[in-house]
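Architecture and fold: a report
Listed below are the residues making up each chain.
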Amino acid sequence: MFGILRTLWLTFLHMGHRRVTVGYPETRPALPPRYRGRIILSRDPDGLERCVACNLCAVACPVDCISLQKAEQDGRWYPEYFRINFSRCIFCGFCEEACPTYAIQLTPDFEMSEYVRPNLVYEKEDLLISGTGKYPDYSFYRVSGVEIPGKDKGEAEREQPPVDVRSLLP
Amino acid sequence: MTANLPFLLSALVAVWATFMVVTRAVAIHALLYLVVALLALACVFDVLGAPFAAILEVIVYAGAIMVLFVFVVMMLNLGRPDSLRENTWIAPRIWIGPGLLAALLLAALADALVMAAPGGGRIAVIDTRQVGLALYGPYVLMVELASFLLLAGLVSAFRIGRHIRDEDAP
Amino acid sequence: MTPPPLVVIAATLVVLLGLATMLTWVERRLLGLWQDRYGPNRVGPGGLFQAVADGIKILFKQDWIPPFADRPVFVLAPAIGMMTVLLAFGVIPVTALWSIAGDLNVGLLFVFATMGLGVYSVVLAGWASNSKYALLGGMRAAAQMISYEVFMGLSTLGVVMTTGSFSLRDIVQAQAGLWFVIPQCLGFVVFLMAGIAETHRLPFDLPEGENELGAGFHTEYSGMKFGMFFLSEYAGIVLVSALVTTLYLGGWQGPVLPPALWFAAKTGALVCLFILLRAALPRPRYDQLMALGWKILLPLSLLNIVATGAVLLLRAPG
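Residue indices begin from 1 for each chain and proceed along its sequence in written order. Chain A is the first chain written and ligand 1 is the first ligand written, with later ones labelled in order. Where local features are concerned, this predicted model is filtered to residues with pLDDT of at least 70; where side-chain atom pairs are given and counted, the filter is 80 or more; whole-chain, interface and lining totals use all residues. As a rule here, side-chain values cover all heavy atoms of the structure and leave hydrogens and water aside.

Residue and element names in this part refer to chain A. Strands were regarded as paired on the criterion that DSSP finds at least two bridges between them. For the purposes of this entry, the term helix denotes a DSSP run of H or I that reaches at least four residues, the term strand denotes a run of E that reaches at least two, and both are numbered from the N terminus. Spatially, β2-β3-β5 is the arrangement adopted by the three strands of the open sheet, whose pairing is antiparallel. At either end of the open sheet lies a strand with only one pairing partner, and these are β2 (66-73) and β5 (121-122). Pairing of strand β3 (residues 76-85) with β5 involves two bridges; the strand directions are antiparallel. Note on β5: the bridge partner recorded for Asn85 is Val121.

Simply put, an axis is a line fit to the C-alpha atoms, just over the touching stretch for a helix, and the angle between two N-to-C directions goes from 0 to 180 degrees. Two elements in contact, helix α3 (residues 51-76) of chain B and helix α4 (residues 107-129) of chain C, have axes separated by 9 Å at closest approach and are oriented at 20°. Considered as vectors, α3 of chain B and α4 of chain C are oriented roughly parallel to each other. The hand of the α3 of chain B/α4 of chain C crossing is left-handed. From α3 of chain B, Phe52, Ile55, Val58, Ile59, Ala62, Gly63, Met66, Val67, Val70 and Met74 of chain B reach across to α4 of chain C, where they touch Leu109, Phe110, Phe112, Ala113, Gly116, Leu117, Val119, Tyr120, Val123, Leu124 and Trp127 of chain C. Here the angle decides the label: under 35 degrees means roughly parallel, over 145 means roughly antiparallel, 65 to 115 means roughly perpendicular, and every other value means oblique. Each crossing gets its handedness from the near helix: less than a right angle anticlockwise from the far helix is left-handed, clockwise is right-handed. The contact rule is simple, with two residues in contact once any of their heavy atoms fall within 4.5 Å.

Further remarks concern the layout of surface pockets. In this structure, the largest pocket occupies an estimated 1800 Å³ of space. Lining the largest pocket we find 40 residues, and of these Phe52 and Leu56 of chain B together with Leu109, Leu157 and Phe166 of chain C sit closest to its centre. The set of elements that each furnish at least two residues to the lining of the largest pocket consists of α3 and α6 (128-136) of chain B together with α4, α5 (132-163) and α11 (286-315) of chain C. Considering each element in turn, the lining of the largest pocket owes the most residues, 11 residues, to α5 of chain C. A 1.4 Å probe that fits but cannot get out identifies a cavity on a 1 Å grid over protein atoms alone, an open set with protein on both sides within 12 Å along at least five of seven lines counts as a pocket, and a residue lines either if it has an atom within 4 Å of a point. Grid points are joined across faces, edges and corners, and a volume is the space filled by probe spheres set on the points.

With that settled, consider the packing of aromatic side chains. Only the six-membered ring of Trp is used, alongside the rings of Phe and Tyr, when aromatic pairs are assigned; centres must lie within 6.5 Å, and planes under 30 degrees apart are stacked while those over 60 apart are edge-to-face, with the rest tilted. Evaluated as defined, the whole model comprises 21 aromatic pairs over all chains. The interplanar angle of 10° and the centroid separation of 3.9 Å between the aromatic rings of Tyr102 of chain A and Tyr135 of chain A together place this pair among those described as stacked. In this pair, Tyr102 of chain A is assigned in the loop between α3 (94-98) and β4 (104-106) and Tyr135 of chain A in the loop between α4 (124-127) and α5 (140-144), connecting sequence segments 33 residues apart. Each residue gets one of three labels from its accessible area relative to the maximum for its type: buried under 20%, exposed over 50%, partly exposed in between, using a 1.4 Å probe on protein chains only. Take Tyr102 of chain A: its relative accessible area is 31%, and that puts it in the partly exposed class. Since its relative accessible area comes to 29%, Tyr135 of chain A is described here as partly exposed. Ring geometry for Tyr148 of chain C versus Phe151 of chain C: centroids 5.2 Å apart, planes at 80°, classification edge-to-face. A residue pair is termed a helical-turn pair when its members lie 3 or 4 positions apart in one helix, as Tyr148 of chain C and Phe151 of chain C do in helix α5 at three residues. The burial state of Tyr148 of chain C is the same as that of Phe151 of chain C; both residues are buried. Chaining the aromatic ring pairs together yields one cluster made of Phe74, Phe217, Tyr221 and Phe229 of chain C. A ring has a charge above it when a Lys NZ or an Arg CZ is no more than 6 Å from the ring centre and no more than 35 degrees off the ring normal. Sitting over the ring of Trp77 of chain A, Lys70 of chain A keeps its end group 4.1 Å from the ring centre. The ring of Tyr81 of chain A carries the charged tip of Arg83 of chain A above its face, separated from the ring centre by 4.6 Å.

This part takes up the state of the cysteines. Criterion for a disulfide: a pair of cysteine sulfur atoms within 2.5 Å. One pass over the structure, following the stated rule, counts zero disulfides over all chains. In this model Cys92 of chain A remains outside any disulfide bridge; the closest cysteine sulfur is found in Cys61 of chain A, 6.0 Å from its own.

As a further point, take the confidence of the model for chain B. Any region with low pLDDT has predicted coordinates that should not be read closely. Residues and elements named next belong to chain B. Every residue carries a pLDDT, the predictor's confidence in it, which falls somewhere between 0 and 100. Looking at chain B, pLDDT values average 81 and 88% of them are 70 or higher. Of all helices and strands in chain B, the one with the weakest mean pLDDT is helix α4 (residues 80-89) (74), whereas helix α7 (residues 140-161) scores best (90). If you check the scores for this complex, the pTM reads 0.79 and the ipTM reads 0.79.

The next subject is empty space enclosed by the protein. Residues and elements named next belong to chain C. Enumeration over the complete set of coordinates arrives at three cavities of 30 Å³ or more. Of the voids in this model, the largest cavity is the one considered here, and its volume is about 260 Å³. Val85, Met145, Glu198, His200 and Ser232 are, among the 19 residues lining the largest cavity, the residues nearest its centre. Mapped onto the lining of the largest cavity, the elements with two or more residues apiece are α3 (71-89), α4 and α9 (223-248). Under the grouping applied here, Gly and all other residues not named as nonpolar or charged are polar, the nonpolar ones being Ala, Val, Leu, Ile, Met, Phe, Trp, Tyr, Cys and Pro and the charged ones Asp, Glu, Lys and Arg. By residue class, the composition of the lining of the largest cavity is seven nonpolar, 10 polar and two charged.

Here we come to the pattern of salt bridges. In the sections that follow, a salt bridge refers to a side-chain nitrogen of Lys or Arg positioned within 4 Å of a carboxyl oxygen of Asp or Glu. A full pass over the atoms with the stated rule returns 16 salt bridges over all chains. Its salt-bridge partner being Glu26 of chain A, residue Arg42 of chain C comes within 3.1 Å of it at the nearest N-O pair. Residue Arg42 of chain C is found in the loop between α1 (5-34) and α2 (50-59), and its partner Glu26 of chain A is found in the loop between α1 (2-13) and β1 (39-41); the two belong to separate chains. The class for Glu26 of chain A is exposed, based on a relative accessible area of 57%. Connected through salt bridges with shared partners, the residues Glu27, Arg201, Glu233 and Arg278 of chain C form a single ionic network.

Moving on to the side chain of Ser129 of chain C. All names here are of chain C. Within the secondary structure, Ser129 is located in helix α4. According to the relative accessible area criterion, Ser129 is buried, its value standing at 0%. Every residue in contact with Ser129, bar those within four places of it in the chain, is listed here: Phe68, Ala69, Phe74, Ala134, Phe217, Glu220 and Tyr221.

The interface is formed by 26 residues belonging to chain C together with 24 residues belonging to chain B. In total, chain C and chain B occlude about 2000 Å² of area from one another, counting both sides; carbon and sulfur atoms represent 82% of this. Interface area lost by chain C to chain B is led by Tyr120, Trp127 and Met139 of chain C, which between them contribute 27%. Sorting the residues of the side of chain C that touches chain B by element identifies α3, α4 and α5 of chain C as the ones contributing at least two each. Buried area: the sum, over both parts, of the accessible surface (1.4 Å probe) that disappears when the two are put together.

Another point: the nonpolar core. Ranked by internal contacts, the top residues of the largest apolar core, which has 111 residues, are Leu108, Tyr120, Leu124, Leu247 and Tyr248 of chain C. Sorting elements by how many residues they give to this core places α4 of chain C first, with 15 residues. When sequence neighbours within four positions are dropped, the list of residues in contact with Tyr120 of chain C reads Val35, Ala62, Met66, Val67 and Val70 of chain B together with Ile80 and Ala125 of chain C. Buried residues of nine kinds, namely Ala, Val, Leu, Ile, Met, Phe, Trp, Tyr and Cys, make up a nonpolar core once their side-chain atoms join them within 4.5 Å. If you look at the next biggest cluster of nonpolar residues, it comprises 24 residues, including Ala53, Ala58, Cys95 and Met112 of chain A.

Let's shift gears to the interface of chain A and chain C. With 15 residues of chain A at the interface, the matching set in chain C holds 12 residues. When chain A packs against chain C, the two sides together hide about 1400 Å² of surface, and 63% of this comes from carbon and sulfur. Taken as a group, Leu8, Thr11 and Arg19 of chain A account for 44% of the area that chain A buries against chain C, more than any other trio of residues on that side. Applying the counting criterion to the chain A and chain C interface returns one salt bridge.

Residues and elements named next belong to chain A. UniProt positions are given in the numbering used here, feature names are shortened, and annotations may be inferred rather than shown by experiment. Feature annotation in UniProt assigns "binding site: [4Fe-4S] cluster 2" (unreviewed entry) to the following positions: Cys61, Cys89, Cys92 and Cys95. With the annotated positions falling across 35 residues, the maximum pairwise C-alpha distance of 10.6 Å places them together in a single cluster. Within the secondary structure layout, Cys92 lies in the loop between β3 and α3. Dropping the residues within four chain positions of it, Cys92 is found in contact with Arg36 and Pro62. Within the secondary structure, Cys95 sits in helix α3. By relative accessible area, which is 6% here, Cys95 ends up buried. Cys95 has contacts with Ile39, Cys57, Ile66, Ile104 and Leu106, leaving out every residue within four places of it along the chain.

Okay, here's the thing in C-alpha cells:
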C-alpha cells in the first residue's frame, strides 16, 4: 500500500524533470564520429581509390546488400561497379571491419530517406568520396608493399618479407 | 384505462422480445433478446410507479445474472452440431406436457384479467424508503429466509470452488 | 427556460464525445510529462489537434468485420458500450440546478444499472469476435466487472446511509459541511479502485492485457468500431471521475468560483489521477486482481457499512 503511494508520488515528481527526448528536426542529436550511418568508399592520401575489390565486405555482409565486380588495371584490382542496397543494409559495420584497406567506412549520417525504393540503391559514384575518411594517413600499398617487374614484395631495401598467412610458425 | 403510450410501447417490446427469445437458434441472440425483455419490463415497472423495482431489475437481472448466463454460454462454445442435436430433441411428444401446463396458466391469467377490477387506480410512486420499510417491517421473515438461502448458496459455492488435493480426497 | 430535449441530447453528445477525444491527447501528453518525454506535440499548438487527426484517421480506416464473426452482435457491442456510458451521464448533477436529464430519485442506482449493462459491450465483443484472445478478454472482463460492481455498490452505501437518499443531488447537498471523503474514506478508496476496475483502465486493464492477449476483447475491431470502444473507455473515465466528485468530493460545492467550474476542476483532477495511475503502476496478475476484490475490498466495504450504520444509530436522536 505504502509502496504504491510512493510510486505514484515519485512518478508525479517526474513532472519537474528535464525531458530526455531530442526534438529531432529542430535540434540535431550530437552523433559520435564512429556512429554507424551511411556507408562511403574512401580514397587513399594520393587520391586513388582504396578499394581493391577483394569482396570481403560482400562476404561479411549479413544481409547481402553489397555487390561488386572486380576489374584489373596494370595488375591493380579495382571494383568495376560497387553497389550498396541501403534498403537492405542494417548498418552493422561488419563491412568496415572486414575491409583490409579501410576503403569502406560508415559515417555519422543517417538522413537518407527516399520515397522511391530503387533510389536507395547507391552506385559507386554515389559512394565514392574524395577524401580519406577516418584514416587520413593510411595508404594500403605503402604498408603492404607493391610488386613491380623484377622485384617481389619484401625484396626491396629496408623491407621485411610478407607474413606467410598459411603457416602457424612464428 | 391507466395505460399510456410508454407503457404500451414497453409492454409490446417485452412481449415481442420474449417471443424472439423462444424462437432464436443461437443461444447468445436469445439471451440478448431476454435482456431486452428485462429492460422493457423495467420500463413497465417505472411507468407503473416503481422506479426502485425497475432499477433493481436492470442491475440484478439484466446487469448481473444475464451476464453470467452469457458468460456460461460463451464458455460452452456451442456450434452447429449442437443445434442439430437439439433439433432431434424437440419432438411433438415432448411438447404436450409443458403445453398443457402453459395453457392452464394462461387460463388462470385470463381469468384473473377478467375478474380483476378494470384499471382506474391512481399510480402511486413507491420510493426506496417505502420499499425498505416494507422489507424490514411486515416482510422481515421473508428477508431472513432469503438470506438463509443465499448463505446456503455461498457455502456450497465455497465448497465447490475449493481446490481439493489428492490427499484430502476421501 | 430550458432548451428542448433534442438540443440537450445533441449538445451532450457533442460535448462528451469531444471531451473524450481530447482526453486521448491529454492522456498522452500527461504520460509523456510523467515519463520525461513529450508525447504528441506536432499537430497544432502543443499537439492540440492530434486528437482531431486521430479521429480523421480512424474514420477513414477500413471498417472490417471478420468473416468468422457474428455480424449483428459484433456491430452491436461497441454501440452498447458507448450508449451505456452516455446514458449514465444523464443524472450526474453538474450544478445544484442543472443536470442533463434532471434529478432522479434513484439516480445513483441508475448509474450503477447503466454501468452494469456496459459489461455487455465488452463480453459480447469478446464473444462475437470468435477468436481466442478476444474471448479470453471478454471472459476476464465479465468476471472482473461483475465482481467489482459488487464492491462499487457496497462502498457507496455508506454515503447513501448518511444522506438517506439515492438522489445524487441530495447526496451533494448533504456534503455542504464536510465532504464525504473524510468520514467515508474507506468507501472512497474502495470506490476509486472499483471505478478503475469498472472502466478496465490500467492498472486493472486485464481484459485488454496487450502483452498477453493481443488487445483482448477488441482484438478483431478496426476503424470507427474500435474508435467507439476507445471513446467509451475515455468517457467512462470522465463518468467515474464525475461520480467520485459527486459522491465523495462535494460535487459542485466550493468557495468563490462558480459551481460548474468547481465540478469541472474536481473531475479534471480525478481524471489526471487516473492517468497518473496508468503512468506509475504495473498490471497485477488476474488472480491477484480477484483476490484483492473479494478478500480485501469486499470486507473493507462491509466494514464501512457496519461502521457507518453504528455511528448513525449512535447519533440518532432517541
